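# Structural features, examined
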Amino acid sequence: MSTTAVTPTGVKLPIYMDNHATTPLDPRVLEAMMPYLTTIFGNAASRNHSFGWEAEQAVDKAREQIAKLIGATSKEIIFTSGATESNNLAIKGVAEMYREKGNHIVTQVTEHKAVLDTCKRLEKYGFQVTYLPVKPDGLVDVEDVRNAITDKTILVSIMYANNEIGTVNPIPEIGKLCHEKGVLFHCDAVQAVGKIPVNVISDNIDLLSLSGHKIYGPKGVGALYVRRRNPRVQLNAQIDGGGHERGMRSGTLNVPGIVGLGAACEIAMHEMESETKRLTELRDYLRKRLEEKLDYVHVNGNMEHHLPGNLNMSFVYVEGESLLMGINEIAVSSGSACTSATLEPSYVLKALGLGDDVAHSSIRFGLGRFNTKEEVDYVADKLIDVVLKLRELSPLYEMVKEGIDLTKIEWAAH
Ligand SMILES: *Cc1c(COP(=O)(O)O)cnc(C)c1O
């Protein structure tokens, strides 16, 4: 980056604190990948020479590393181009394969677009989808899942942890319920894998999506876990060709990417405990510092069932765009989804019942492996400074401080 500056406390600007969007590649992962980007370039499907065998060996090792992290066996891991593809393959693959059995799918409104838009596509082809609401704390109600399942239901797709508000759903209970009802359970676990313990056996998960670039691995590689026993899950392939990955996903394997994903999983497994402790402390410290100096801030999402590195906060009576401009040397996400050209408030925050203005004034802090205490201090100082300044200019804030109930005001029409 050409615009790097360094603060008096040695913090390099800009600060990256958006680790739910993507994570930097861990240097140890890059090191593991390097040979496969250079000298060991074989096609893992080449059975006739050592170039192919070496590549295949590397892929087998990665399969083991990934399987181990989530309590699966290596034969149950299907490599994909990322979690968007994994979600598409899981949901469309099951929908097509089990069409005779039923046409109903259950999911929730706060899923990632890769799940929601896949379900919307299936609706066009005659499937029925129930989009469950979430509670004000962002968690799905297990009883809602139970009540939504009918004799036509073939799949439940509920995410492990939310990418905006960091909430962790009651996955083992949902999985158990699905198994009792004989319905397959898919889980988008992109934000949970490598961050908190995930185990497909004790969590009763049948299909699980994960992604390399959310766990300090490379972009453009992911995996889908597909259960082989109790029950054996079958899928209709979405990409046809040479029959790679047990016929479920054709295409020459991205060997360096897969090696990187495997290495990333192994590192995450070894460091999960210490990293959870460190990130939880940093996160709570950031929250405490902000709450000490600022009133009218609130935290979004259940904080008890929560990812270690996530903090989503609303800074009420501050205009969202001005807030973001004021902290432009800090890379975070706002409660405005800029997926479209217009500035739409985040559908996840709206699902919690937040108004548009509150959603717009919300910030998602995504702390990760390479964030430091010094960075957190810089971010806290900066936010406090900017929010106080903006509130000095805010007539709404002034009125609230004077004890005026804003809900009772009749605003002049214009
Ligand atoms: C990032 C993300 C995805 C998409 O993963 P890609 O590998 O970028 O396609 C899906 N679900 C969740 C929850 C995510 O955070």
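Residues numbered from 1 in each chain as written. Predicted model: local features only at pLDDT ≥ 70, side-chain atom pairs only at ≥ 80, totals over all residues. Heavy atoms only, no water.

## Some points on the domain arrangement of the chain
The domains assigned to the chain are domain 1 (5-24 + 272-403) and domain 2 (27-267). Its C-alpha centre places domain 1 at a distance of 30 Å from the equivalent point of domain 2. With 27 residues of domain 1 at the interface, the matching set in domain 2 holds 36 residues. Buried area between domain 1 and domain 2, both sides added, is near 2500 Å², and the carbon and sulfur share of it is 56%. Across the contact surface, domain 1 and domain 2 share zero salt bridges. (Domains from an automatic or database assignment. Contact = heavy atoms within 4.5 Å. Buried area = accessible area lost by both parts, 1.4 Å probe. Salt bridge = Lys/Arg side-chain N within 4 Å of Asp/Glu carboxyl O.)

## Things to note about the pattern of salt bridges
Counted under the stated rule, the structure contains 22 salt bridges. In this structure, lysine 277 and glutamate 281 form a salt bridge, with 3.3 Å as the shortest nitrogen-oxygen distance. Separated by four residues within a single helix, lysine 277 and glutamate 281 lie in helix H7 (residues 255-293), roughly one turn from each other. Residue glutamate 281 is classed as partly exposed on the basis of its relative accessible area, which comes to 46%. The partner of lysine 382 in a salt bridge is glutamate 329, and the shortest N-O contact between them spans 3.6 Å. Note that lysine 382 is positioned in helix H11 (residues 373-392) and glutamate 329 in the loop between helix H8 (320-326) and strand E13 (330-331), a separation of 53 residues in sequence. A relative accessible area of 22% places lysine 382 in the partly exposed class. (Helix = DSSP H or I, 4+ residues; strand = E, 2+ residues; numbered from the N terminus. Buried < 20%, exposed > 50% of the residue type's maximum accessible area, 1.4 Å probe, protein only.)

## Digging into the site of the ligand
Taken together, 13 residues lie around the ligand, and Thr84, Asp188, Gln191, Ser211 and Lys214 are the ones closest in. Note that an oxygen atom of the ligand is positioned 2.9 Å from one of the backbone N or O atoms of alanine 83. Here glutamine 191 contributes a side-chain N or O atom positioned 2.7 Å from an oxygen atom of the ligand. Protein chains shield 88% of the accessible area of the ligand, which is 380 Å² for the free molecule. For the shell around the ligand, the element with the most residues is helix H3 (residues 83-97), which contributes three residues. Looking at the shell around the ligand residue by residue, the class counts come to three nonpolar, eight polar and two charged. (Near = heavy atom within 4 Å. Polar contact = N/O pair within 3.5 Å; in protein donor to acceptor, adjacent residues only side chain to side chain. Areas by Shrake-Rupley, 256 points an atom, 1.4 Å probe, with all protein chains shown as cover. Nonpolar A, V, L, I, M, F, W, Y, C, P; charged D, E, K, R; others polar.)

## Section: the packing of helix H2 (residues 50-70) against H7
For the pair H2 and H7, the least separation of the axes is 8 Å and the interaxial angle reads 35°. Along this stretch, H2 crosses H7, giving a crossing that reads as left-handed. Of the residues in H7, those touching H2 at Ala55, Ala58, Val59, Ala62, Gln65, Ile66, Lys68 and Leu69 are Val255, Ile258, Val259, Leu261, Gly262, Ala263, Cys265, Glu266, Met269 and Met272. A class-by-class count of the residues in the contact of H2 with H7 yields 14 nonpolar, two polar and two charged. (Axes fitted to C-alpha atoms, helices over the stretch in contact; angles between N-to-C directions. Left-handed = near helix turned anticlockwise from the far one by under 90°.)

## Looking at the packing of aromatic side chains
In the structure shown here, the tally under the stated rule is five aromatic pairs. Pairing phenylalanine 41 with phenylalanine 51 gives two aromatic rings, centres 5.5 Å apart and planes at 40°, and the pair type is tilted. Highlighted residues: phenylalanine 41 in the loop between helix H1 (27-37) and H2 and phenylalanine 51 in helix H2, separated in sequence by 10 residues. For phenylalanine 41, a relative accessible area of 57% corresponds to the exposed category. Judged by its relative accessible area of 41%, phenylalanine 51 falls in the partly exposed class. Each ring, one from tyrosine 296 and one from tyrosine 397, has its centre 6.2 Å from the other, and the planes form 90°; the classification is edge-to-face. (Phe/Tyr/Trp six-rings, centres within 6.5 Å; stacked < 30°, edge-to-face > 60°.)

## Side note on unusual backbone geometry
Cis peptide bonds are those with omega within 30 degrees of zero, and the linkage from leucine 13 to proline 14 qualifies with -5°. Of note, proline 14 is situated in the loop between strand E2 (12-13) and strand E3 (15-16). Along the chain, asparagine 230 connects to proline 231 via a cis peptide bond; the corresponding omega equals -5°. Within the secondary structure layout, proline 231 lies in the loop between strand E10 (222-226) and H7.

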